[in-house]
Amino acid sequence: MPERICLFGGTFDPIHKAHIRIAQEALAAFHLDRVVFVPAGNPPHKDPASLAPFEDRLRMVELACKGNPRFEVSRMEAGCERSYTVDTVARFAQCLHAGDRLFFLIGSDAFDEVETWHKWQELVRLTEFIVVARPGHEYRRPPGALVHKLDGLALPVSSSGIRSRLATGGPTPELSHAIRRYIDAHGLYGAPVKGLLLE
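Residues numbered from 1 in each chain as written. Predicted model: local features only at pLDDT ≥ 70, side-chain atom pairs only at ≥ 80, totals over all residues. Heavy atoms only, no water.

### What to know about the overall build of the protein chain
Phase 1: Scanning the protein chain for helices and strands turns up seven helices and six strands.
Phase 2: Reading the protein chain from its N terminus to its C terminus gives the helix and strand order β-α-β-α-β-α-β-α-α-β-β-α-α.
Phase 3: Expected size for 199 residues packed as a compact globule is a radius of gyration near 16 Å; at 17 Å, the protein chain falls within 12% of this value.
Phase 4: Principal axes of the C-alpha set define a box for the protein chain whose edges measure 50 × 35 × 35 Å.
Phase 5: Within the protein chain, the proportion of its 199 residues that are buried is 45%. (Helix = DSSP H or I, 4+ residues; strand = E, 2+ residues; numbered from the N terminus. Rg over C-alpha atoms; globule rule 2.2 N^0.38 Å. Buried < 20%, exposed > 50% of the residue type's maximum accessible area, 1.4 Å probe, protein only.)

### With respect to the packing of aromatic side chains
For any pair of aromatic rings, the description consists of the separation of the ring centres together with the inter-plane angle of the planes.
Phase 1: Inspection of the entire model under this criterion finds seven aromatic pairs.
Phase 2: Judged by centre distance (5.8 Å) and plane angle (50°), the ring pair of phenylalanine 12 and phenylalanine 37 falls under tilted. Here phenylalanine 37 lies in strand β2 (residues 34-39) and phenylalanine 12 lies in the loop between β1 (4-10) and α1 (17-29), a separation of 25 residues in the sequence. The pair formed by phenylalanine 12 and phenylalanine 37 is uniform in burial state, with each residue classed as buried. (Phe/Tyr/Trp six-rings, centres within 6.5 Å; stacked < 30°, edge-to-face > 60°.)

### Focus on the pattern of salt bridges
Phase 1: Going through the model one piece at a time under the given rule, you end up with 11 salt bridges.
Phase 2: Between glutamate 115 and arginine 140 there is a salt bridge; the shortest N-O distance is 2.4 Å. Residue glutamate 115 is found in the loop between α4 (108-111) and α5 (120-126), and its partner arginine 140 is found in the loop between β5 (128-132) and β6 (147-150); the two are separated by 25 residues along the sequence.
Phase 3: Classification of arginine 140 by relative accessible area gives partly exposed; the value is 47%.
Phase 4: Here aspartate 184 and arginine 180 are joined by a salt bridge, their closest N and O atoms 3.1 Å apart. (Salt bridge = Lys/Arg side-chain N within 4 Å of Asp/Glu carboxyl O.)

### Regarding the side chain of aspartate 100
Phase 1: Secondary-structure assignment places aspartate 100 in the loop between α3 (85-93) and β4 (101-107).
Phase 2: Of the side chains with opposite charge, arginine 34 comes closest to the buried, unpaired aspartate 100, at an N-O distance of 5.9 Å.
Phase 3: Reaching out from aspartate 100, the side chain makes a polar contact with the backbone nitrogen of glutamate 3 at a distance of 2.7 Å.
Phase 4: Every residue in contact with aspartate 100, bar those within four places of it in the chain, is listed here: Met1, Pro2, Glu3 and Ile5. (Lys, Arg positive; Asp, Glu negative; His and termini not counted. Polar contact = N/O pair within 3.5 Å; in protein donor to acceptor, adjacent residues only side chain to side chain. Contact = heavy atoms within 4.5 Å.)

### Things to note about the state of the cysteines
Phase 1: This structure, assessed with the given rule, holds zero disulfides.
Phase 2: Lacking any disulfide linkage, cysteine 6 is separated from the closest cysteine sulfur, that of cysteine 65, by 12 Å.
Phase 3: Classification of cysteine 6 by relative accessible area gives buried; the value is 0%.
Phase 4: The thiol sulfur of cysteine 95 is not disulfide-bonded, and the nearest other cysteine sulfur, from cysteine 6, lies at 16 Å. (Disulfide = S-S within 2.5 Å.)

### Section: the nonpolar core
Phase 1: In this structure, Leu32, Val35, Phe37, Leu105 and Ile183 are the most contacted members of the largest nonpolar core, which totals 34 residues.
Phase 2: Secondary-structure elements contributing two or more residues to this core are β1, α1, β2, α2 (54-65), β4, β5, α6 (159-167) and α7 (177-186).
Phase 3: Excluding residues within four positions of it along the chain, valine 35 makes contact with Cys6, Phe8, Ala23, Leu27, Arg70, Phe71 and Glu72. (Core = buried A, V, L, I, M, F, W, Y, C linked by side-chain atoms within 4.5 Å.)

### Here we look at α2
Phase 1: Its 12 residues give α2 an end-to-end C-alpha distance of 16 Å, which sits within 8% of 16 Å, the value for a rise of 1.5 Å per residue.
Phase 2: The set of residues buried in α2 consists of Phe54, Asp56, Arg57, Leu58, Met60, Val61, Leu63 and Cys65.
Phase 3: Here the buried face of α2 lies against β2, β3 (71-73) and α7.
Phase 4: Once α2 ends, the next one or two residues include glycine 67, with phi positive near 95°. (Expected span 1.5 Å × (residues − 1).)

### Describing the pairing of β5
Phase 1: Counting buried positions over the five residues of β5 gives five, a clear majority of the element.
Phase 2: Of the two faces of β5, both are covered, the one formed by Glu128, Ile130 and Val132 as well as the one formed by Phe129 and Val131.
Phase 3: Pairing analysis gives five bridges linking β4 to β5, with the strands arranged parallel. Of the residues in β5, the one forming a bridge with isoleucine 106 is valine 131.
Phase 4: Bridge analysis of β5 against β6 gives four bridges, and the strand direction is parallel. Across the sheet, the residue bridging to phenylalanine 129 is valine 147, located in β6. (Pairing = 2+ DSSP bridges.)

Laid out in structure tokens, this is it:
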């Protein structure tokens, strides 16, 4: 049976409720069979030293995805090599069966910059894009790109703001309790360590 598979890449530093809401909305709106979360290992646009360790970010994504059988987590970008989206998508594309469709979930701000990405023309050829539209924001469509618009999501969540509050032990309503417990237990983002995580 052909599948509709959507990749959702990002640093997820940390993963928050808006990420999960976006994936849920895409799942329903486009009748997806699976959403595969792909935490970035060594993204070209960020200093890896500025990110929480990959294994911690991966574990938090796993915790966030628990309970939804159509959410999966991939460690495809683990390692120290640069994580280029086109390489990740190409590797997934090789595993598709006849009739499968591959989508890539992306915010409109990031999609605006796709033409600056490594081998963007090949990326456009390999996948269909589901673009999370920000109200009032128009984005450029690269030549040849197949784009599906995901409307109605005004989720102004700032990961940097979350990290700032974590460093001072402040409240983080944007995080699930499981993610906050993990961060506190492991002292991520400068959060005061509050003991071992019991699972």
